[in-house]
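# Notes for the structure review
This is what each chain is made of:
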Amino acid sequence: MDSQRREFAIIADYFQRRAGQSTGSTLSENSKSNFRRQRNDVLIGIGDDAAVVTPPPESRIAVTTDTMVSGVHFDENTSPRALGHKLVAVNLSDLAAMGAEPAWVSLACSLPEVDEAWLKEFTAGLFAALDYYHCELIGGDMTRGPLTLTLTAQGILPLERCLQRRGAQPGDRIFVSGTLGDAALALAGLQGKLELRDATIDELQKRLFYPTPRVALGQLLRNQATSAIDLSDGLAGDLKHILRASEVGARVNLEALPASLAFRANLEPQAGWPLQLNGGDDYELCFTVPESRVGLLESLVRQAGVAVSCIGTIEAQQGLRFFHQNKEVQITGSSYSHF
Ligand SMILES: [Mg+2]
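Residues numbered from 1 in each chain as written. Predicted model: local features only at pLDDT ≥ 70, side-chain atom pairs only at ≥ 80, totals over all residues. Heavy atoms only, no water.

## Observations concerning the environment of Thr332
- With respect to the element layout, Thr332 can be found in strand β13 (residues 327–332).
- Judged by relative accessible area, Thr332 falls into the partly exposed class, the value being 48%. (Helix = DSSP H or I, 4+ residues; strand = E, 2+ residues; numbered from the N terminus. Buried < 20%, exposed > 50% of the residue type's maximum accessible area, 1.4 Å probe, protein only.)

## A few points about the UniProt feature "binding site: Mg(2+) 1" (unreviewed entry) in the protein chain
- Mapped onto this structure's residue numbering, the UniProt feature "binding site: Mg(2+) 1" (unreviewed entry) falls at Thr65, Asp66 and Asp141.
- Relative to the helices and strands, Asp66 is located in strand β3 (residues 59–69).
- By relative accessible area, which is 23% here, Asp66 ends up partly exposed.
- Here Asp66 is in contact with Leu87, Val90, Asn91, Asp94, Leu149, Thr150 and Leu151, once residues within four sequence places are set aside.
- For Asp141, the position within the fold is in strand β5 (residues 136–144).
- For Asp141, the residues in contact, after removing those within four places along its chain, are Leu107, Ala108 and Cys109. (UniProt positions renumbered as here; feature names shortened; annotations may be inferred. Contact = heavy atoms within 4.5 Å.)

## A closer look at a nonpolar patch on the surface
- A cluster of nonpolar side chains, Leu43, Ile44 and Val52, forms an exposed patch at the surface whose accessible area comes to about 200 Å².
- Of note, Leu43 is situated in strand β1 (residues 42–44).
- The exposure class assigned to Leu43 is partly exposed, which follows from its relative accessible area of 39%. (Patch = residues over 30% accessible without salt bridge, like charges linked within 9 Å, V, L, I, M, F, W, Y side chains within 5 Å. Areas by Shrake-Rupley, 256 points an atom, 1.4 Å probe, with all protein chains shown as cover. Salt bridge = Lys/Arg side-chain N within 4 Å of Asp/Glu carboxyl O.)

## Considerations on the pattern of salt bridges
- Applying the stated criterion across every chain, the model contains eight salt bridges.
- Here Arg173 ties to Glu291 by a salt bridge, and the two come within 3.3 Å at their closest N and O atoms. Here the residue Arg173 occupies a position in strand β7 (residues 173–177), and Glu291 occupies one in the loop between β10 (285–289) and α11 (294–304), the gap between them amounting to 118 residues.
- Look at Glu291 and you get exposed, because its relative accessible area is 53%.
- Connected through salt bridges with shared partners, the residues Asp182, Arg207, Arg214 and Glu284 form a single ionic network.

## Considerations on the coordination of the magnesium ion
- Surrounding the magnesium ion are the protein donor atoms Asp94 (OD) and Asp230 (OD), which sit 2.1 Å from the metal. Of this pair, Asp94 sits in helix α3 (residues 80–98) while Asp230 sits in strand β8 (residues 227–230); the two residues are 136 residues apart in sequence, bridging distant segments of the chain. (Donors = N, O, S within 2.8 Å, 3.2 Å for Na, K, Ca; no water.)

The structure is reproduced here in C-alpha cells:
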C-alpha cells in the first residue's frame, strides 16, 4: 500500500464504526458486516461502491447538501468537534425546514493532512449529532486539499405533505422558533467588534458552534404551516425568500423579535435588531401559519417543548416592512431610523 492509500485507510477508519454497539439489525448480521448499523433501513452502508437504503412505503425523500470551507465558513482554529456537530446541524436544519425526518447522510471531505487528533474530535462531534437524530453515515469520499467539509443529508417525508418556501398567504402570522442573534453576537465578540459580558460568552458561543436544528418542530409544522424556511443567513434575508416564493409581503414588529437573556445582557433591544435581522447562523425555523390555526399551533409547540414567537403578519403588498411601536422604521446596516 503506498503512503497516500495508507493515509486514507487511516482516515476511513475514523468513519467506519465497528459492531459491538450494534442495534442488532438482521441485515448487517446476515451480510457479515462488522460495521455498526444505526438504522435497519440501511441495506448497504459504508464500504461498498454505493450505499443502498430502503425508504418506508408511501414516502418521499428530501435531499440537501451543505459545504463548509475553512477560511470562508469557519476559522481554521475552530474546534473540530464543533465542526463535526455543525456540519450535521446545518444540513438537518434544511431538512427540518421541509418537515422531513432525517435518515441518511454522506460526507465528502477534503483534508490538508492526516491529523489523527483532529479526526478523532471531528468524528466525535459528527457521530454524537448523527446518533442524537437517529441518522446514519452511509458513505463518503476523501481527498487531499484545503479543509472543506460537505455533507449530503436525506430525510423522509410522507407522500401527502412537505413544507416549502411558497404557500404563505396574506393574513398568515409569521413565527420564529427559539431566539435570534446569539450566534452573530458570539461571532462579533470573537472578531473583537463588540466586548461581551464574560458570564454570557459560553452560552452565546454554544449557539454559534453547536446550533440546534429544529427537527421535531419541522415535522410538527407539516400540517400547520403554510410556508417555512430555516434561518441560516439572517431573518431579513431568509424571510424575503418566503415572500418572493409566495408572492406576498410582510410586516415584522421589531419589539417581538425573540432575544435570549445572554443577548439582552449585552445589547439594548434597538441596538440588537440589526444583528437579529442580518447576523445569520441562527438555524431556527421561520414559518407562517393561518390565523385560524395559531391557537392549535401554540398548544402543539408547547407540548413539544419548543418556544416560538409571533413576529409579524403576511400582507398582500409586496416587500418586507419593519415596525416599531406601530411606526414603520428602516434598518440599514447596523443602525435603524424612523421613516
Ligand atoms: Mg436553508
